[in-house]
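Each chain, written out:
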Amino acid sequence: MASTSTDAGYVTDQEYTRGYYAELNPLRLRLLLLNAGWIPPVIEHACELGFGQGVSVNLHAAASSVSWQGTDFNAAHVAYAREMSRAGDVNIHLADDDFAAFCARDDLPMFDYIALHGIWSWVGDANRRTIIDFISRRLNPGGAVYISYNTSPGWAAMLPVRDLIRAHADVMGSPVGSTATQLEEALAFIERLWQSDPVFARAHPQLQQALAQFKSQDRRYLAHELLNRDWTPMSVTQLGNWLSEARLNYACSAQPLDDLDGLQLSSSQQALLKEISHPLLQAATRDIMTNKRFRRDYWLKGARRLNSLEIADFIRREHVVLLQPADEVALEVRGAHGVAALQRLIYQPLLEVLSDQRVRTIGELEKELHKSGVTFNQLREALMVLIGKGVVMPAQSPRMSALVHNQCERLNEHLCRQAMLGAEMGYLASPVTGGGVSVGVVEQRFLDARRAGMVQPEQWAEAAWSVFMTQGQRLMRNGKPLTSEEENRQALIDQARHFMHARLPLLEKLQIV
């Protein structure tokens, strides 16, 4: 297949999406491990294997004192990631080695934290053995691993379809065509196959929705998901067998909503799980109950338990911050059985306290909420839910935020300038959260205009409109592009005014601007 590396079977002519993954943030790791009752590592050296475009690794390096290393086999990814790191002058070392070469290096430090987002599902057993050996040799005792991967329960029915898509690209795809061309041809073939009413489709009716979603999904993501030579969803017990060779134990999910039984499980399912004491068997059973497609987990080497008093003491010292206006937070959350309402008697007073976007310790929140009758355990669970919803994030101490403020500022200026030049990367670094915060591309263009001395939102809108005109783009409303120049200009003015009054004060408190 012309579009993949001959030795790795990995798509390299399609750059991966420029996404940011908060689960990799060491601050999130620390709080979630404490909540699960484990002693978290003190992280000085961290490594991300297969960092993609380098968004997460750069934002985490810029917004913290952690020294990051990493590698990615796609040279275009590494070039983009290094450009970001130079702009921020951050403590980061990025290589374009394959896993075998990188993991064999003898000039790497011992790591306290090793992260892999999605990579495990897309590499073959030889690379998995290399990764396990690397973790075994390079992860300090007490260190943590974040790993996300496709899981077999939710992907079981898709496996034959994915294999057919890959086979079509190999056999029927143009030998000189790009991955993008081969992907479109293969997806068109699958659509024609489904129109022929195969018995397999009748046996798995849920696939119709999954295949329909392909039409709207990012082609860069789909190319990596569907056309790599290796693509192996596995159960958490299978992964546990691999990681046990590196002496890793399962700690908890990196998505706290996954571990909330009342949200994800029926009462009979909860009763059944209580009969299972083995953590991996329990997790695998839960995945069947929820038809899990993708897991994001933390694992520990030499995991040590805390008692209940220690857990509470450590958690009270952790900092958190609200990421959006309190009145915009929906008091509901989606689980495996639909949408559940959040208790107003708990969440409303909590959001009111957090509404000024000031960084607080959880102990300070406990004291402020005592008069509202909110207990520590209720506060603890509510924060996990809000972190899972993405509206609250663990935060650094003000002292640490001050230490990394300048390098975040340099990196953010670079990213906003790139947005004015047509780049699309919708995150900026926050010294408060120790990582990335979602800031849309149009908002970044407003910020760049503001840095250039423009003070009125109408000026920001005009600066942003010049980029749209140059690229021949239009804004969207209700899924349709705005046709006239007047409509586009007015839409940008409306956005700029809202940004000035609602978003800018928040970004200032998060020290993004």
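The model shown is predicted, which means the values in this text are computed figures rather than measured ones.

S.K.: So, the sheet that holds strand S12 (residues 392-395): which residues are in play, and what are the values?
M.R.: The antiparallel open sheet is built from 3 strands, whose spatial order is S11-S8-S12. At either margin of the open sheet sits one strand with a lone partner, and together these are strand S11 (360-361) and S12. Where strand S8 (residues 319-322) and S12 come together, 4 bridges link them in antiparallel fashion. Bridged to Val321 within S12 is Met393. Taken strand by strand, helix H18 (residues 344-354) contacts S8, S11 and S12, and its axis lies near 90° from that of S8.

S.K.: I'd like to hear about the confidence of the model for the protein, residue by residue, with values.
M.R.: Residues at a pLDDT of 70 or more form 96% of the protein, whose mean pLDDT is 91. Segment residues 1-15 is flagged for pLDDT under 50; beyond a separation of four residues in sequence, or across chains, it makes 55 contacts in the model.

S.K.: Which residues make up the pattern of salt bridges, and what are the values?
M.R.: Going through the model one piece at a time under the given rule, you end up with 24 salt bridges. The partner of Asp125 in a salt bridge is Arg128, and the shortest N-O contact between them spans 2.8 Å. Of this pair, Asp125 and Arg128 are both found in helix H6 (residues 125-138), 3 residues apart, which corresponds to roughly one turn of the helix. You can call Arg128 buried: its relative accessible area is 2%. Here Glu366 and Arg316 are joined by a salt bridge, their closest N and O atoms 2.6 Å apart. Of this pair, Glu366 sits in helix H19 (residues 362-369) while Arg316 sits in helix H17 (residues 308-317), placing them 50 residues apart in sequence. A single network of salt bridges, built from pairs that share partners, joins Asp356, Arg358, Arg360 and Glu368.

What counts as what
Residues numbered from 1 in each chain as written. Predicted model: local features only at pLDDT ≥ 70, side-chain atom pairs only at ≥ 80, totals over all residues. Heavy atoms only, no water. Pairing = 2+ DSSP bridges. Helix = DSSP H or I, 4+ residues; strand = E, 2+ residues; numbered from the N terminus. Contact = heavy atoms within 4.5 Å. Axes fitted to C-alpha atoms, helices over the stretch in contact; angles between N-to-C directions. pLDDT = per-residue confidence, 0-100. Salt bridge = Lys/Arg side-chain N within 4 Å of Asp/Glu carboxyl O. Buried < 20%, exposed > 50% of the residue type's maximum accessible area, 1.4 Å probe, protein only.

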